[in-house]
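Residues per chain, in single letters:
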Amino acid sequence: MSIMREVRGGSWKYSGASVRSSAAVAVVVLLWWHGVAQVKSQRIPALFIFGDSLVEVGNNNFLRTLLRANFYPYGIDYSKGPTGRFSNGRSLIDFLANLLGVPSPPPFADPTTTGRAIINGVNFASANGGILEESGRHYGERYSLSQQVLNFQTTLNQLRTMMDADTLRRYLAKSIVIVVTGNNDYINNYLLPGLYGSSSNYTTQQFGNLLVNSHIQNMLALYSLGLRKFFLAGVGPLGCTPNQRARGLAPSGRCLDIVNQMVGTFNQGLRSMVDQLNRNRPDSMFVYGNTYGIFGDMLNNPAAYSFSVIDRACCGLGMYQGQITCLPLLAPCVSRNQYLYWDAFNPSQSAVYVYAWRVVNGPVNDAYPINLQQMAQL
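Residues numbered from 1 in each chain as written. Predicted model: local features only at pLDDT ≥ 70, side-chain atom pairs only at ≥ 80, totals over all residues. Heavy atoms only, no water.

The name recorded for the protein chain in an unreviewed UniProt entry is GDSL esterase/lipase, from Arachis hypogaea. Per UniProt, the protein chain has the following entry under Subcellular location (unreviewed entry): "Secreted". (UniProt positions renumbered as here; feature names shortened; annotations may be inferred.)

Right, here's the structure in full:
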């Protein structure tokens, strides 16, 4: 049974829990599926997006990097074609923005992202960028998380010329920050001992703690600039990606458990930090997105979401189509909606929609301590 049919029926079951969805939510999801705008009023003035390829919309198009997605077959199912989104269709942020009733923000590096184009927010995410400065450097230029924060300050300086101080203060306080990062610190740093020394210098516990502490310092920098609502996504089960399966270190059909265990330290630390930040800063709201749990549910119960292929990429080469990621003009799979993964690293449009819906509308197991719809009403 697909998620759409689950929602239409009014009861959505997963991980042993049953979540009763309201008729209004069911109508919203079904209307979106048929291309009808589901939010008539905009409670959120802007979205500011930080992170990696899961939420990038084209910043790397303007950087000297090997990691771009501005070529076919990326965007094969997107009305605008290849734009720099690492997906067969829309990116995670496109779905989040749509469900929240805000336009999906344009990429910071695009020269046209200025003036009125920034009023609903800006996307600073960069594929291959990580929490640590060095993560992903072997692919070329990228915006690390700290650089993305600096880029936000550039945008903020523009906003200061567009509204008075009190209006800007209220605008920033009501806006939502979406952060999806940490993946490249493992895939393109810690798990590449031939290129990076992190696995020699840190135990997995120490490395996870380093990432959490660095992450939070960047969030506090954004807080000091006036932002008050933060959605911080955890890292998913990286050991189940086609790229990690293709390493051949796990039994056939199994995820690489040692990698999944590594990211647990980061996820647990980030969730704990959300509690601490909410206690210490009562004028703000920090929310943890349970990426690991949501994607784990799709992996464990693929039929519930109409997935039939969960171990290999729709576009790629080699074992599990994950040894070499999607290349220009490479023919992708035909039944793309049935694949959990689009390329060697990134989930498909169908998979990120499930994630988006759950963190916007789901229970505390999906988004903690409240979901994004509840955050938008604060």
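What follows continues from the structure just given.
Chemist: Before we go on, may I ask you to explain the packing of aromatic side chains in this structure?
Modeler: The way to describe two aromatic rings as a pair is by their centre distance and the angle between their planes. For the coordinates displayed, the defined rule picks out 17 aromatic pairs. Where F48 meets F152, the ring centres are 5.2 Å apart and the plane angle is 80°; that geometry is what we call edge-to-face. A residue pair is termed long-range when its members are at least 10 positions apart, and F48 in strand 3 (residues 47-51) and F152 in helix 4 (residues 145-160) qualify at 104 residues. Look at F152 and you get buried, because its relative accessible area is 0%. Linked through ring pairs, F48, F50, F108, F124, Y143, F152 and Y171 together constitute an aromatic cluster. (Phe/Tyr/Trp six-rings, centres within 6.5 Å; stacked < 30°, edge-to-face > 60°. Helix = DSSP H or I, 4+ residues; strand = E, 2+ residues; numbered from the N terminus. Buried < 20%, exposed > 50% of the residue type's maximum accessible area, 1.4 Å probe, protein only.)

Chemist: Whenever I open this one, the side chain of Q373 confuses me. Can you help?
Modeler: Along the polypeptide, Q373 turns up in helix 13 (residues 372-376). For Q373, the side chain forms a polar contact with the side chain of R43, separated by 2.4 Å. Not counting residues up to four positions away in its chain, the partners in contact with Q373 are R43, L99, L100, V360 and N361. (Polar contact = N/O pair within 3.5 Å; in protein donor to acceptor, adjacent residues only side chain to side chain. Contact = heavy atoms within 4.5 Å.)

Chemist: Explain the state of the cysteines here, please?
Modeler: Each disulfide consists of a covalent bond between the sulfur atoms of two cysteine residues. Applying the stated criterion across every chain yields a total of three disulfides. For C314, the disulfide goes to C333, at an S-S distance of 2.0 Å. As the torsion about the S-S bond is roughly -100°, the C314-C333 disulfide counts as left-handed. Taken together, the residues span a long stretch of sequence, with C314 in the loop between strand 8 (309-313) and strand 9 (316-317) and C333 in the loop between strand 10 (324-325) and strand 11 (339-341) at a distance of 19 residues. Disulfide pairing places C315 opposite C326 at an S-S distance of 2.0 Å. (Disulfide = S-S within 2.5 Å.)

Chemist: I'm lost on the nonpolar core in this one. Help?
Modeler: Membership of the largest hydrophobic core comes to 50 residues, with the highest contact counts inside it found for F48, F50, F152, Y186, L222, F230 and L232. Sort the elements by how many residues they give to this core and helix 10 (residues 257-280) lands first, with eight residues. Setting aside anything within four residues of it in sequence, one finds Y186 in contact with L191, F207, G208, L211, L238, M262, V263 and F266. L47, F95, V352 and I370 belong to the second-largest nonpolar core, a separate cluster that totals 47 residues. (Core = buried A, V, L, I, M, F, W, Y, C linked by side-chain atoms within 4.5 Å.)

Chemist: Got a minute to help me understand the packing of helix 11 (residues 291-300) against helix 12 (residues 349-361) in this structure?
Modeler: Geometry of a packed helix pair, given as the angle between the helix axes and the separation of the axes. Relative orientation of the contacting elements helix 11 and helix 12 amounts to 130°, with a least axis distance of 10 Å. Judged on the interaxial angle alone, helix 12 and helix 11 are oblique. Like other packed secondary-structure pairs, helix 11 and helix 12 cross with a definite hand, here right-handed. Touching T291, I294, F295, D297 and M298 of helix 11 are A351, V354, Y355, R358 and V359, all from helix 12. Among the residues forming the contact of helix 11 with helix 12, the class breakdown is seven nonpolar, one polar and two charged. (Axes fitted to C-alpha atoms, helices over the stretch in contact; angles between N-to-C directions. Parallel < 35°, antiparallel > 145°, perpendicular 65-115°, else oblique. Left-handed = near helix turned anticlockwise from the far one by under 90°. Nonpolar A, V, L, I, M, F, W, Y, C, P; charged D, E, K, R; others polar.)

Chemist: For this particular structure, what's the right way to read unusual backbone geometry?
Modeler: Leaving glycine aside, a negative phi is the common case for residues, and trans is the common case for peptide bonds. Cis geometry is found at the peptide bond from Y72 to P73, where omega equals 15°. That bond from Y368 to P369 is cis: its omega, 5°, falls within 30 degrees of zero. Position of P369 relative to the elements: it lies in the loop between strand 12 (367-368) and helix 13. Although it is not a glycine, S306 sits at a positive phi angle of roughly 65°. Within the element layout of this structure, S306 appears in the loop between helix 11 and strand 8.

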